[in-house]
Amino acid sequence: MDLNIFALDIAKIYERNPNVEGVLLGGSVSRNWYDKYSDIEIFIFWKESPTDEDRLTPIKKLKGDIIDFHPYEDEEWSETYITEGVKLEISNFQTDTINKMINDVILSFDTDLDKQCIVATVHYGVSLSGDLLINNLKEKVNNYPNELSIAMIKENIHLGNRWNNREALLNRKDWLILYKVMVAVQTNIMGMLFGLNSQYVHHPTFKWQKQTLEAMAITPKNIVNRLDSIFLNTPTISIRELEIIIQEVYELIKQEHPQIDLSSVIDKSLFLRPKNEKLNKTLSN
């Protein structure tokens with residue numbers, strides 16, 4: 001089944017409601033990243049708040065089996081259902097809410113990932129209905145603000161105190177917390193790279209990492225394989241590689257945004273929690 005064509009057929013059902021101003025295809029399907037495990041993510045923009053009947057009518061027409069049907073929460077109504085063997089993730093927003101989120105990100109340089117994901121959906125998404133509205137929204141987010149780039153970098157350059165404990169965790173073989181630290185640091189790296197490349201974050205946990213990194217121009221060399229290796233190599237090698245990648249990302253920041261003072265940040269990232277030598281001698285006696 002061609003998921004793009006199927007999404008267009010579904011949009012035709014939603015656009016029959018006069019309260020619907022636009023239908024936008026998002027997620028992996030809109031970027032041709034999808035695979036056999038992918039669902040279809042559709043965003044419905046409403047003039048006024050949709051009623052339960054507004055949301056249920058298309059599902060009934062599509063003979064969908066409802067998995068989730070959530071009430072209004074965090075400025076969104078959402079539902080999940082299956083039709084013709086395909087799972088649909090529907091996100092409903094008032095158009096005014098979308099405009100507010102866009103302004104928060106592109107005018108106030110808000111680094112909130114949920115808001116950025118909405119902006120990314122507008123930017124990368126495919127219009128299925130309401131082309132005039134959606135093209136106007138796309139025009140608003142077309143130019144990624146330099147101030148947002150700086151804000152994203154500053155938001156992620158500090159790696160946290162646990163990173164300074166990496167050697168202790170490694171020697172203790174305290175794997176659970178060590179890998180949590182490695183995940184957290186790699187998450188920070190992704191945040192910095194999104195800022196460096198002036199790209200809106202399209203998923204709050206950086207799903208489709210490989211495809212995302214391949215679409216970036218400013219990264220350390222061979223970054224896809226190297227970040228993959230962090231979770232595949234032995235912990236000692238992984239920590240050393242992560243240390244190198246961090247410094248390379250900082251060097252890229254220096255080149256692209258020399259106004260950002262990284263001196264204390266770099267020192268902090270290199271710092272290791274000191275050993276208690278007196279205790280060490282006591283334990284070895």
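A quick note: this is a predicted structure, and the numbers were derived from the prediction, not measured.

S.K.: Just checking my understanding: could you explain the sheet that holds strand E4 (residues 76-83) for this structure?
M.R.: Either a parallel or an antiparallel arrangement is found when strands of a sheet pair, and the pairing is made through backbone hydrogen bonds. An order of E3-E4-E5-E2-E1-E6 is seen for the six strands of this open sheet, with the pairing classed as mixed. Every interior strand has two partners, whereas the edge strands, strand E3 (65-73) and strand E6 (126-129), have only one. Between one strand axis and the next, the sheet turns through 20 degrees on average, direction left out of account. Pairing between E3 and E4: six bridges, direction antiparallel. Bridging across to E4, Glu73 finds its partner in Glu76. Packing against the sheet, helix H1 (residues 3-14) makes contact with strand E1 (20-26), strand E2 (40-46), E4, strand E5 (86-94) and E6, and its axis sits at approximately 25 degrees to E2.

S.K.: Would you mind showing me how to read the packing of aromatic side chains here?
M.R.: Ring pairs (aromatic) are described by centroid distance and by the angle formed between their planes. The full count for this structure, using the stated rule, is four aromatic pairs. With 4.4 Å between their ring centres and 45 degrees between their planes, Tyr72 and Trp77 make a pair best called tilted. Overall, the relative accessible area of 45% leaves Tyr72 in the partly exposed class. Taking relative accessible area as the criterion, Trp77 reaches 8% and is therefore assigned buried. Across the ring face of Tyr124, the terminal group of Arg31 is positioned such that the distance to the ring centre comes to 3.7 Å.

Conventions used here
- Numbers given to residues run from 1 along each chain, matching the order in which its sequence is written.
- Predicted model: local features are reported for residues with pLDDT of at least 70 only, side-chain atom pairs are reported and counted for 80 or more only, and whole-chain, interface and lining totals are derived from all residues.
- No hydrogens and no water enter the side-chain calculation; it runs on all heavy atoms of the structure.
- DSSP bridges decide pairing: two strands pair if at least two such bridges lie between them.
- Secondary structure elements are taken from DSSP: a helix is a run of H or I of four residues or more, a strand is a run of E of two residues or more, and numbering for both begins at the N terminus.
- Structural elements are reduced to axes, namely lines fitted to C-alpha atoms, with helices fitted over the stretch in contact, and the angle between N-to-C directions of any two is expressed from 0 to 180 degrees.
- Contacts are assigned to residue pairs with any non-hydrogen atoms lying within 4.5 Å of each other.
- The rule is short: rings of Phe, Tyr and Trp, with Trp giving its six-membered ring, pair when the centres are within 6.5 Å, and they are stacked under 30 degrees, edge-to-face over 60, tilted in between.
- With a 1.4 Å probe rolled over the protein chains alone, any residue whose accessible area is under 20% of its type maximum counts as buried; one over 50% counts as exposed, and the rest are partly exposed.
- Sitting over a ring, as applied to charges here, requires NZ of Lys or CZ of Arg to be within 6 Å of the ring centre and within 35 degrees of the ring normal.

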